[in-house]
Amino acid sequence: MRNERVAISVEGLEKCFASPDGKTTTQVFGDLWFDVRQGEFICLIGHSGCGKTTLLNILAGLEAATSGTIIVEDREIDGPSLDRAVIFQGHALLPWLSALNNIEFAVRSRWPEKSRAALTEHCQRYIDLVHLSGSEQKKPAQLSGGMKQRVGIARALAIEPRILLMDEPFSALDALTRGSLQDELLSIISQTHQTSFMITHDIDEAILLADRIVLMTNGPQARVCEIVENTLPRDRHRGNMHKHPNYAPMRNHLLEFLVNRSRSFEAELADGAYDPKSPPQVRPVSEAEPQASYA
C-alpha cells in the first residue's frame, strides 16, 4: 500500500539569474508545485537548460530559490542538512582517502561520538551493501568509474538520510556499468524504502526506478508539464519490464514529451486549463491493462 505521507513539498518555486550587467533577469523555472511521498522514488525528466540541477541544489540546501519554498518533513529548507544526502554526477571522493575512509569521513560528521570500532563496522555494512568488499583500502585512483560511484552511493546511504537526492549519478558510465548500478540501486531502495529524488535524461532508467516521473518543459521559464505514474508493477526488473503491456505506452508517452510536448507546452498554457498548483496526473496503460504482473 502506498504511503501517502508527504516527505517533500515543493510550493511555488522560482529561480531567476541576473544578467552579467545586472540589468535584467532570466527565469529558469517558476511556479513549480509537486510533492514526494515518504518512501517514494521520484525521477525528474527534462531537457538541458530547464533547471533540473538547480532544482536539486535547492532541495539539497546548496542554493537559494528566488521565491517559493520547499518543505521537508514539515520544516522549510534553509540550508544543507545531513537528513538530505546527495549523489552527484561525479563521484566527488576525497582522492587522498581510501574508500572506507571516504565513507567514514561522512559518517563521523553524522555521529561524532561513535567509537573507532563502531564507525568501521557501520561503514563496512554499506561497503558490503554496494558489493565493494575487498576494496576498502583502495584510493579513488585505484577504482574504476563504477566502483567510485558505488563508494559515493555507500557514503550517501551510510549517514542514513531521510531523503536521497541524485543528480544523474550514472550518466558518465558505460552502458553495462550503468545498468549494473541501476539494478543495485533498485535492490537497495527495495530493501530500505528510502525516499529518493533523481534527475535523469534516460527514459528507461526512469521507468525502471521511479514510482512517479515529473516532466519539466524546456527552459527558460520551465514548468512542471505533468506527473506520470509508473504503471509497471513494482517487482519489475531490467530483464522483464519490456515484456509488460504497459511498457510501450509508458515509454512512448515519455518519448513524445521529450521530442514534442516539452517544446510546445506554451500552447497548452494558452488554453487556460493548466493549473500549476495541480499539474496533470497521468497513467499510461495499454488498451486492456493486465491483471497479472507479467506475461
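Keep in mind that what you see is a predicted model, and the values were worked out from it rather than measured.

Draft legend 1. Helix α5 (residues 175-192), seen in detail. Taking 1.5 Å per residue, 18 residues should reach 26 Å; α5 reaches 26 Å between its end C-alpha atoms and fits that length. Taken as a whole, α5 has its buried residues at Gly179, Leu181, Gln182, Glu184, Leu185, Leu186, Ile188 and Ile189. In this structure, the buried residues of α5 make contact with β3 (41-45), α3 (116-129), α4 (145-158), β7 (163-167), β8 (195-200) and α6 (203-209). Looking at where α5 begins, the residue whose side-chain oxygen comes 3.1 Å from the main-chain nitrogen of leucine 176 is aspartate 174.

Draft legend 2. Molecular detail of the sheet that holds strand β2 (residues 25-37). On the basis of which strands lie adjacent, the open sheet formed by four strands has the order β2-β1-β4-β5 and antiparallel pairing. The strands lining the two open edges of the sheet, one partner per strand, are β2 and β5 (75-76). Looking at chain direction, strand β4 (residues 67-72) and β5 are connected through two bridges and run antiparallel. Directly across from isoleucine 71, in β5, lies its bridge partner glutamate 76.

Draft legend 3. Broad picture of the pairing of strand β1 (residues 6-18). In terms of strand pairing, β1 meets β2 through 10 bridges, oriented antiparallel. From the neighbouring strand, phenylalanine 17 faces β2, where its bridge partner is threonine 26. The antiparallel pairing of β1 with β2 creates a hairpin that spans six residues between the two strands, and glycine 22 there sits at a positive phi of about 75 degrees. Note that β1 and β4 share five bridges and pair antiparallel. When the bridges of β4 are listed, glutamate 14 appears paired with serine 67.

Draft legend 4. Molecular detail of the packing of helix α2 (residues 99-110) against α3. At a closest axis distance of 9 Å, the pairing of α2 and α3 adopts a crossing angle of 115 degrees. In the packing of α2 onto α3, the handedness of the crossing is right-handed. Of the residues in α3, those touching α2 at Leu100, Asn101, Ile103, Glu104, Val107 and Arg108 are Arg116, Leu119, Thr120, His122, Cys123 and Ile127. Across the contact of α2 with α3, the residue classes tally to six nonpolar, three polar and three charged.

Draft legend 5. The arrangement of the environment of valine 214 in detail. Secondary-structure assignment places valine 214 in strand β9 (residues 212-216). Looking at valine 214, the relative accessible area reads 1%, which means it is buried. Sequence separation between valine 214 and valine 224 is 10 residues, and the spatial gap between their C-alpha atoms is 6.9 Å. Excluding residues that lie within four positions of it along the chain, valine 214 makes contacts with Phe34, Ile42, Cys43, Leu44, Ile45, Val224, Glu226 and Ile227.

Draft legend 6. Layout of the environment of cysteine 123. You can see cysteine 123 is positioned in helix α3. In the structure, cysteine 123 is positioned 35 residues away from alanine 158 in sequence and 6.4 Å away in space, judged by C-alpha atoms. When residues no more than four places from it in sequence are discounted, the contact partners of cysteine 123 are Leu100, Ile103, Glu104 and Val107.

Draft legend 7. Representation of the sheet that holds strand β10 (residues 224-229). Strand order in the open sheet formed by seven strands is β6-β7-β8-β3-β9-β10-β11, with mixed pairing between adjacent strands. Edge positions in the sheet fall to β6 (84-87) and β11 (281-282), since each has one partner strand and no second. Bridging between β6 and β7 involves four bridges; their strand directions are parallel. Across the sheet, the residue bridging to valine 86 is leucine 165, located in β7. Sheet strands touched by α4: β6 and β7. Its angle to β6, the strand with the most contacts, is close to 175 degrees.

Draft legend 8. Representation of the side chain of glutamate 136 in the model. Along the chain, glutamate 136 turns up in the loop between α3 and α4. One buried charged residue, glutamate 136, remains without a salt bridge, the closest side chain of opposite sign being lysine 138 at 8.6 Å. A polar atom in the side chain of glutamate 136 sits 2.7 Å from the side chain of glutamine 124. A polar side-chain atom of glutamate 136 sits 2.9 Å from the main-chain amide nitrogen of glycine 134. When neighbours within four sequence positions are excluded, glutamate 136 is seen to be in contact with Ser98, Ala99, Leu100, Gln124 and Ile127.

Reading guide: rules and limits
- Residues numbered from 1 in each chain as written.
- Predicted model: local features only at pLDDT ≥ 70, side-chain atom pairs only at ≥ 80, totals over all residues.
- Heavy atoms only, no water.
- Helix = DSSP H or I, 4+ residues; strand = E, 2+ residues; numbered from the N terminus.
- Expected span 1.5 Å × (residues − 1).
- Buried < 20%, exposed > 50% of the residue type's maximum accessible area, 1.4 Å probe, protein only.
- Contact = heavy atoms within 4.5 Å.
- Polar contact = N/O pair within 3.5 Å; in protein donor to acceptor, adjacent residues only side chain to side chain.
- Pairing = 2+ DSSP bridges.
- Axes fitted to C-alpha atoms, helices over the stretch in contact; angles between N-to-C directions.
- Left-handed = near helix turned anticlockwise from the far one by under 90°.
- Nonpolar A, V, L, I, M, F, W, Y, C, P; charged D, E, K, R; others polar.
- Lys, Arg positive; Asp, Glu negative; His and termini not counted.
- Salt bridge = Lys/Arg side-chain N within 4 Å of Asp/Glu carboxyl O.

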